[in-house]
Amino acid sequence: MTKLTLSTLSEASAKVLQPAYDPTAVEIGVVHFGPGAFHRAHQAFYFDALLAKDPRWAISGVSLKSPGVRDALAPQAGLYVLAQLDAETTFRVIGAMREILVAPEDPETVFTRLAKASTKVVTTTVTEKGYCLGGDGKLDFANTDIAHDLQHPQRPDSVIGYIVEGLRRRREAGVAPFTVISCDNLADNGHKLRDAVVAFAGKLDAGLGEWIKANTAFPRTMVDSITPATDDALRARVTAETGFEDAWPIQREAFVQWVVEDVLPADAPDLASVGVTLTNDVAAFEGAKLRLLNGAHSTLAYVGSLKGYETVGDAMADAELAGFVRSMMLEDIAPSLSTPPGLDIPTYVEAILGRFRNPEIRHLLSQIAWDGSKKLPFRILETTADALEAGRSVDRLAVPIAAWIGFIATRTEAGVPLVDPLADKLAALGGACTGGPEDVDAFLGLTEVFPVSLASNTTYRTAVKDAYAALSRA
Ligand code: CS2
C-alpha cells in the first residue's frame, strides 16, 4: 500500500483523476476557514478545477479549533482523495489545498496570509454557529467568542475576529480588501456575515467598520452537495480503488452546485469558468435549496430518528414518511419561495428526493440532526412565519419542530450527549419533558431559536402541540 503524497502521485491506479496542474507550482490566493469535509468536497473541488487554468487560486485552509485536518493531511502534502459517489463512482486527487494552518497555534501566520496582496478571496464553512449571531440574525456581542475577540483582537477565537484583523492589516498597508465568500447554509449568508464583520470592526474602530462596508464584497451564495462524514468503509474503499493510503479521504454525491452573487471584483477568480453560477438572483436559489432540501433533511433527521432509522436512505424507504416530506415540500414550502429563473419547483423537489434515495450514499441522520437550534430557524421557522403571514396551514411545518423536541427528550433520557451550541439548555429542557403539551411550551420559550412573534402565535402553538401529541402516540 502506498502513502498518498506528491512523490507517489504518479503511482495512482489509472482510473484515479489527478490534479491537471503541478501542485508545487501554484500560488495561494484563497484563505478558507473551516477546512472540513464540505469544503474539501465542494469549494476545493472547484478551485482544483480552476488551478488547471490559472495557478493563482490554491487554498490555505485554516482550522479555528482542532489540528485534526492539518495532522492528517500535512504528511500527505495536503493531497486527499475525493470520491464522487454514483452508479459509477469516480476518485479524484485534489491538490488545491497547499497550506493548512491551525489558527490558535499561530494566529500571526494566519494574519500574514490574510494580509498578503495575493490573497484575494476568503471563504468560510464554519457552520451556522460559527457566525456568532443572536436570534435576531445580528452579531451577538454576548457570545463568549465575540466578547473574547473584542478584548484580544490579535488572538481571536472566531472567524469574525480573524477576518476583521486581516482586513485591518490590509487597510493599514494600503492593500485592497479580499472578497469574503460565505459558504454556509444560512439564509442571506453573505450579508449576515458582512453585517457581523462590520459591527465587530466598528466596535474596535469606527473608521475600519466604514472602510470594510464601503470596500469589501460579501457575495451571498448557495452551496449544495450531500457530503456524508468520512467513515472506515470509505477509507477502505479508497485504498482498494486507488492504491493509496489516505488519512482523510472525502466522499460526496456526484451532484454539486455553487451559486454566487455576481458582485465579485475584477481581480476575483473566474469561478464561472469552472461551472459556478454567477447571478444577481442568489436569493431565489438559496431560498429554494435551504427551505426545500435542508428543510426536508432536518425533517427526515428528527422524524426518522424517532422512528428508529439510521440513514436518510432508510428514512426515505418508509413510504409514509417520504410521502409526508414530499407533501410538505410541494404544498407548504414551495408556496413560500420566489422561483429562481429557469427552475421548475416540482422537478427540483423530485430531484432532491431522488438524491436522498441514492443507494450509493450512507448519510447518517445523526449528522444532520446536529446543531438543530441553529439550523431549524433557517430551514423551517422562516418558512413557517411566511406561511402564517399568508394565512396558509402550518400543521405539517410544525411536525419537524415537534420531532426535534421529541428527539432531544429521547436522546437526553438515553444519556446521549447532544451536539448543539445550546446543548446544556436543551438537555435541561429535554430532561424535564413529560410527553405533554407543557414540553412544547418550554421549548417555544427558547428565544435563541423561536422569534417571539412565532412562539406567541396561538395557531402555531396549537399546531406544534398537536404534532407533538401525535408523535407521542405513534
Ligand atoms: C445537511 C446538509 O448536515 C446537514 O444538516 O442538511 O449538510 C446538506 O447535506 C447539504 O446542505 C447539502 O448541500
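Throughout, residues of each chain are indexed from 1 in the direction in which the sequence is written. For this predicted model, a pLDDT threshold of at least 70 governs which residues receive local features, and a threshold of 80 or more governs which side-chain atom pairs are given and counted, while totals over whole chains, interfaces and linings are taken from all residues. As a rule here, side-chain values come from all non-hydrogen atoms in the structure, and water together with hydrogens is ignored.

Caption draft 1: Region of the structure containing the layout of surface pockets. Throughout, the protein atoms alone are placed on a 1 Å grid, and a set of points is a cavity if a 1.4 Å probe fits but cannot get out or a pocket if it is open with protein on both sides within 12 Å along at least five of seven lines; lining residues have an atom within 4 Å of a point. Grid points are joined across faces, edges and corners, and a volume is the space filled by probe spheres set on the points. Within this model, the second largest pocket holds a volume of roughly 410 Å³. For the second largest pocket, the lining is made up of 23 residues, of which Gly135, Pro377, Glu382, Val449 and Pro451 are closest to its centre. Here the residues of the lining of the second largest pocket are counted per class, giving eleven nonpolar, six polar and six charged. For the domains described, the bounds stem from an automatic or database domain assignment. Both domains that meet at the lining of the second largest pocket, namely domain 1 (2-279) and domain 2 (283-473), each give it at least three residues. Under the scheme applied, nonpolar residues are Ala, Val, Leu, Ile, Met, Phe, Trp, Tyr, Cys and Pro; charged residues are Asp, Glu, Lys and Arg; polar residues are all the others, including Gly.

Caption draft 2: Representation of the domain arrangement of the protein chain in the model. For the protein chain, the assigned domains are domain 1 (2-279) and domain 2 (283-473). Contact with domain 1, which involves 28 residues of that partner, is made by 26 residues of domain 2. Both faces considered, domain 1 and domain 2 share a buried interface measuring about 2200 Å² in area, 56% of it formed by carbon and sulfur atoms. Accessible-area loss on putting two parts together, using a 1.4 Å probe and summing over both, is the definition of buried area adopted here. Of all residues in domain 1, Glu128, Lys129 and Ile226 bury the most surface against domain 2, accounting for 24% of the area lost on that side. Note that Arg220 is salt-bridged to Glu286, the shortest N-O span being 2.9 Å. N or O atoms within 3.5 Å of each other form a polar contact, as long as, within protein, one can give a hydrogen and the other can take it, and as long as residues adjacent in sequence are counted only when both atoms are side-chain atoms. Put simply, domain 1 and domain 2 have ten residue pairs in polar contact (both at pLDDT 80 or more) between them. Among the secondary structure elements, those contributing two or more residues to the side of domain 1 that touches domain 2 are α7 (189-204) and β10 (221-224). Considering only residue class, the side of domain 1 that touches domain 2 consists of twelve nonpolar, eight polar and eight charged. By definition in these notes, contact holds between two residues if any of their heavy atoms fall within 4.5 Å. Criterion for a salt bridge: a side-chain nitrogen of Lys or Arg within 4 Å of a carboxyl oxygen of Asp or Glu. Per the convention used, a helix needs a DSSP run of H or I reaching at least four residues, while a strand needs a run of E reaching at least two, with both numbered from the N terminus.

Caption draft 3: Inspection of the sheet that holds strand β14 (residues 277-279) at higher detail. Here, any two strands with at least 2 DSSP bridges between them count as paired. Strand order in the open sheet made by the three strands is β10-β13-β14, with mixed pairing throughout. For this open sheet the edge positions go to β10 and β14, each flanked by a neighbour on one side alone. Taken pair by pair, the neighbouring strands of this sheet meet at an average axis angle of 15 degrees, ignoring direction. Looking at chain direction, β10 and strand β13 (residues 257-261) are connected through four bridges and run antiparallel. Across the sheet, the residue bridging to Met222 is Val259, located in β13. Angles run from 0 to 180 degrees between N-to-C directions of axes, and those axes are lines fitted to C-alpha atoms, restricted for helices to the stretch in contact. Across the sheet, helix α10 (residues 282-306) lies against β10, β13 and β14, angled at about 40 degrees from β10, the strand it touches most.

Caption draft 4: View of the state of the cysteines. Criterion for a disulfide: a pair of cysteine sulfur atoms at a distance within 2.5 Å. Within the structure shown, the criterion is met by zero disulfides. Of all cysteine sulfurs in the structure, the one in Cys132 sits closest to Cys183, which takes part in no disulfide; the separation is 17 Å.

Caption draft 5: Representation of unusual backbone geometry within the structure. Unusually for a residue other than glycine, Ala77 sits at a positive phi of about 55 degrees. One can find Ala77 in the loop between α3 (68-73) and β5 (80-85). Phi is positive for Asp188, close to 55 degrees, though the residue is something other than glycine. Along the chain, the position of Asp188 falls in the loop between β9 (179-182) and α7.

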